[in-house]
Amino acid sequence: MEKYEKLTGIAAPMPLVNIDTDMIIPKVFLKSIQRTGFGVNLFDEMRYDREGNELPDFVLNKPQYRNAEILVAGDNFGCGSSREHAPWAIKDFGIKCVISTSFADIFFNNCFKNGILPIVLPQEQVDALMADAEKGENARMTIDLDAQEITMSDGETVAFEVDAFKKHCLLNGLDDIGLTMEKVEAIDAFETKASAAYPWV
């Protein structure tokens, strides 16, 4: 997993509440366990018509938001079934940070494991960030994970909280496998000792 560095990018406003995982990536596309290739189907039923043509009114189809790396969303983002494909699709599209007033627990934790930073803020602060995002591609935000601070296009800053362990993992690019590999020397030493003590195992 890549290290999460300071992010400066376009923020797309999506004020819908209760965006569930089937809206994020419909179940018909869950045909692979690879983490790539899902971005084209992110929000598929909102992005395309039945013939597969882009719907011009959907935010990520608008020219100013096609390269968005931050998503400012409505309450209860990522609810519904616990599919890891949802953060995979978000990451594959290019979004590295999602901001909302609340997230479904499983989706929230899956984001950290896949290199996405989910930020929870009070409604008034999300409203301010949403208004800033609605200014378009010239209104870029900066997400500083190390300082735990969001800087809006006008220079105003918003502080956010993040679990210290999850922050450490993102800053150092550690998923579950990476965390295990940090202990590889201790694991090797244990296995060597165990093999010597119990050679019949």
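In this report, the structure presented in the accompanying data block is examined. (Residues numbered from 1 in each chain as written. Predicted model: local features only at pLDDT ≥ 70, side-chain atom pairs only at ≥ 80, totals over all residues. Heavy atoms only, no water.)

## Regarding the overall build of the chain
For the chain, the helix and strand inventory stands at eight helices and seven strands. Here the C-alpha coordinates of the chain stretch approximately 65 × 45 × 25 Å along the principal axes. Pairs at least 24 apart in sequence give 65% of the contacts found in the chain among residues at least 6 apart. Of the charged side chains in the chain, 19 are positive and 33 negative, and the gap between their average positions amounts to 4 Å. (Helix = DSSP H or I, 4+ residues; strand = E, 2+ residues; numbered from the N terminus. Contact = heavy atoms within 4.5 Å. Lys, Arg positive; Asp, Glu negative; His and termini not counted. Charge placed at Lys NZ, Arg CZ, Asp CG, Glu CD.)

## Digging into the environment of Ala-133
By the element assignment, Ala-133 lies in helix α5 (residues 123–133). Considered as a pair, Ala-133 and Met-14 are 119 residues apart in the sequence and their alpha carbons are 9.3 Å apart. Sequence-distant contacts of Ala-133, defined by excluding residues within four places in its chain, comprise Ala-11, Ala-12, Pro-13, Tyr-65, Val-72 and Met-141.

## A short note on the nonpolar core
Grouped together as the largest cluster of nonpolar side chains are 31 residues, with contacts concentrated most on Ile-24, Leu-42, Phe-43, Leu-60, Phe-77, Ile-90 and Phe-107. Breaking this core down by element, the ones donating at least two residues are β1 (7–14), β2 (70–73), α3 (85–93) and α4 (105–113). The biggest single contributor to this core is α3, with five residues. Ignoring anything within four residues of it in the chain, the contact list for Phe-77 reads Ile-19, Ile-24, Phe-43, Leu-71, Ile-90, Val-98, Ser-100, Ser-102, Phe-103, Ala-104 and Phe-107. Val-126, Met-130, Ala-133 and Leu-170 belong to the second-largest nonpolar core, a separate cluster that totals 24 residues. (Core = buried A, V, L, I, M, F, W, Y, C linked by side-chain atoms within 4.5 Å. Buried < 20%, exposed > 50% of the residue type's maximum accessible area, 1.4 Å probe, protein only.)

## Brief notes about the sheet that holds β1
The strand order across the open sheet formed by seven strands is β4-β3-β2-β1-β5-β6-β7, and the pairing between neighbours is mixed. Sheet topology places β4 (117–120) and β7 (157–159) at the edges, where each strand pairs with a single neighbour. Going from strand to strand, the sheet's axes swing by 25° on average, the running direction of each strand aside. (Pairing = 2+ DSSP bridges. Axes fitted to C-alpha atoms, helices over the stretch in contact; angles between N-to-C directions.)

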